[in-house]
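Letter by letter, the chains look like this.
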Amino acid sequence: MGAEGAPIKVGSASAPCVADWDSDGDLDLLVGEISGAMYYVENTGSVSAPKYATPEKMKAAGVDLAVNGDSGPVVTDWDSDGDLDLLVGDGQGAVYLFKNTPVDGEPVLGPRIELVNGRTYKEDPETGKYGLEPGSGLHPEEMGSRAKLAVCDWNADGSLDLLVGDFSSERGPDPDLTKEQVALKELLEAEQDELSDRMQPLWKEIRDQALSEIGEQREGESSSEYNDRLWEVEEKIQAAHEEYSEVMDRSQELYEELRPMLPEHFYHGYVWVYLRKPRS
């Protein structure tokens, strides 16, 4: 809980870790979130009676610390120099190190150093669309996305190693369709495209109306609180919007009709072990 018992809010999909970041003897919070930013939440209380300050965006090399979405932190003395460093996993599966070089006892993070490569976006030669490069079947040879970290001496060689959890979606084989099913699939997908074209201006109309209704961000209101108000108003507008409801209902029907004619997707998470190379 934050000041005066209020919830601590930094954004969506928050991922916290606990450490005595300011070396004052109590436990602070370092929190990642969906945009890839990192927040420091100082414990201004004590170990037995923690009290947390307003979250502050963390900086690295003098600018706001940011990774490629879905930041997941862990704190450890990675370079064995006696102070705490920050490791962050991101939405593309990469892992970054931010070395801490304190100045006058205050943590100061340097530029990010990539420890694990993330999955890269590739252009599909058939569709021209970009997406994450797929893994190889149900047992991929490379990590998935949304890297979440743990650090330990996995092989008991005296050096810290990385354990990284991921999320992965693997595409199964195309189903064997009859000519009639192929033709139907093409018709349904064409209708999907038409609905998507209809939906774009509806989303903008609803967002603009919601923004007009809630006005500017209030003084002292966090971005997360403002977005919560915005989404609440948007949901009410959507529920009362006849065309929006019609398009959404038909989109769901199309999804159900198309599903038997599409490749199956398998969702799973693996844990990857990265052993640290011996120091030369």
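Residue positions are given per chain, counted from 1 along the sequence in the order it is written. Reporting of local features is limited, given that this is a predicted model, to residues whose pLDDT is at least 70; pairs of side-chain atoms are given and counted only at 80 or more, and all residues count toward the totals for whole chains, interfaces and linings. Working from all heavy atoms in the structure, the side-chain values ignore hydrogens and water.

## Brief notes about the nonpolar core
Argument step 1. Put simply, a nonpolar core is a bunch of buried Ala, Val, Leu, Ile, Met, Phe, Trp, Tyr and Cys residues held in one set by side-chain atoms that sit within 4.5 Å of each other. Each residue is placed in one exposure class: buried if its accessible area under a 1.4 Å probe, protein chains only, is under 20% of its type's maximum, exposed if it is over 50%, and partly exposed if it falls in between. Grouped together as the largest cluster of nonpolar side chains are 17 residues, with contacts concentrated most on Trp 21, Leu 30, Met 58, Leu 86, Phe 98 and Leu 109.
Argument step 2. Note on conventions: DSSP H or I runs of at least 4 residues are helices, E runs of at least 2 residues are strands, and numbering of each starts at the N terminus. Mapped by element, the contributors of at least two residues to this core are β1 (15–19), β3 (38–41), β8 (85–89) and β9 (95–100).
Argument step 3. Once you skip the residues sitting within four places of it in the chain, Leu 30 turns out to touch Ala 15, Pro 16, Cys 17, Trp 21, Met 38, Tyr 39, Tyr 40, Met 58, Pro 73, Val 75 and Leu 86. Contact criterion: two residues are considered in contact whenever any of their non-hydrogen atoms come within 4.5 Å of each other.

## Examining the sheet that holds β1
Argument step 1. Pairing between strands is defined by DSSP: at least two bridges between them are needed. Ordered in space as β1-β2-β3-β4, the 4 strands form an open sheet in which the pairing is antiparallel. For this open sheet the edge positions go to β1 and β4 (56–57), each flanked by a neighbour on one side alone.
Argument step 2. As judged from the 2 bridges shared by β3 and β4, these two strands associate in the antiparallel manner. Its bridge partner lying in β4, Tyr 40 is registered against Glu 56.

## Topic: the packing of aromatic side chains
Argument step 1. For Phe, Tyr and Trp, rings pair up if their centres lie within 6.5 Å, where Trp contributes its six-membered ring, and each pair is then called stacked (planes under 30 degrees apart), edge-to-face (over 60) or tilted (otherwise). On inspection of all chains with the given rule, the structure shows 2 aromatic pairs.
Argument step 2. Measuring from ring centre to ring centre gives 6.1 Å for Phe 167 and Tyr 267, while their planes differ by 20°; the resulting arrangement is stacked. Note that Phe 167 is positioned in strand β14 (residues 161–171) and Tyr 267 in strand β15 (residues 265–268), a separation of 100 residues in sequence.
Argument step 3. The class of Phe 167 is partly exposed, set by a relative accessible area of 27%.
Argument step 4. Placement of a charge over a ring requires the Lys NZ or Arg CZ to be within 6 Å of the ring centre, with the centre-to-atom vector within 35 degrees of the ring normal. The ring centre of Tyr 96 lies 4.2 Å from the NZ or CZ of Arg 112, which sits over that ring.

## Some details on the pattern of salt bridges
Where charged atoms from two side chains of opposite charge come close, those side chains can pair.
Argument step 1. When a carboxyl oxygen of Asp or Glu is within 4 Å of a side-chain nitrogen of Lys or Arg, the pair counts as a salt bridge. Going through the model one piece at a time under the given rule, you end up with 13 salt bridges.
Argument step 2. Residue Lys 148 is joined to Asp 70 by a salt bridge in which the shortest nitrogen-to-oxygen separation is 3.5 Å. Of this pair, Lys 148 sits in strand β13 (residues 145–152) while Asp 70 is found in the loop between β6 (63–64) and β7 (72–76), placing the two residues 78 residues apart along the sequence.
Argument step 3. Salt-bridge contacts for Glu 246 lead to Arg 198; the nearest nitrogen and oxygen are separated by 3.5 Å. Of the two residues, Glu 246 sits in helix α3 (residues 242–258) while Arg 198 sits in helix α1 (residues 179–214), which places them 48 residues apart along the sequence.
Argument step 4. With relative accessibility at 32%, the residue Arg 198 sits in the partly exposed group.

## A look at the sheet that holds β8
Argument step 1. The 4 strands lie next to each other as β7-β8-β9-β10, forming an open sheet whose pairing is antiparallel. In the strand order of this sheet, the two ends are held by β7 and β10 (109–116), each with one partner. The average undirected angle you get between the axes of adjacent strands in this sheet is 25°.
Argument step 2. As judged from the 5 bridges shared by β9 and β10, these two strands associate in the antiparallel manner. Counted as the bridge partner of Tyr 96 is Glu 114 from β10. Inter-axis angles, ranging from 0 to 180 degrees, are taken between N-to-C directions of lines fitted to C-alpha atoms, where helices are fitted over the stretch in contact.

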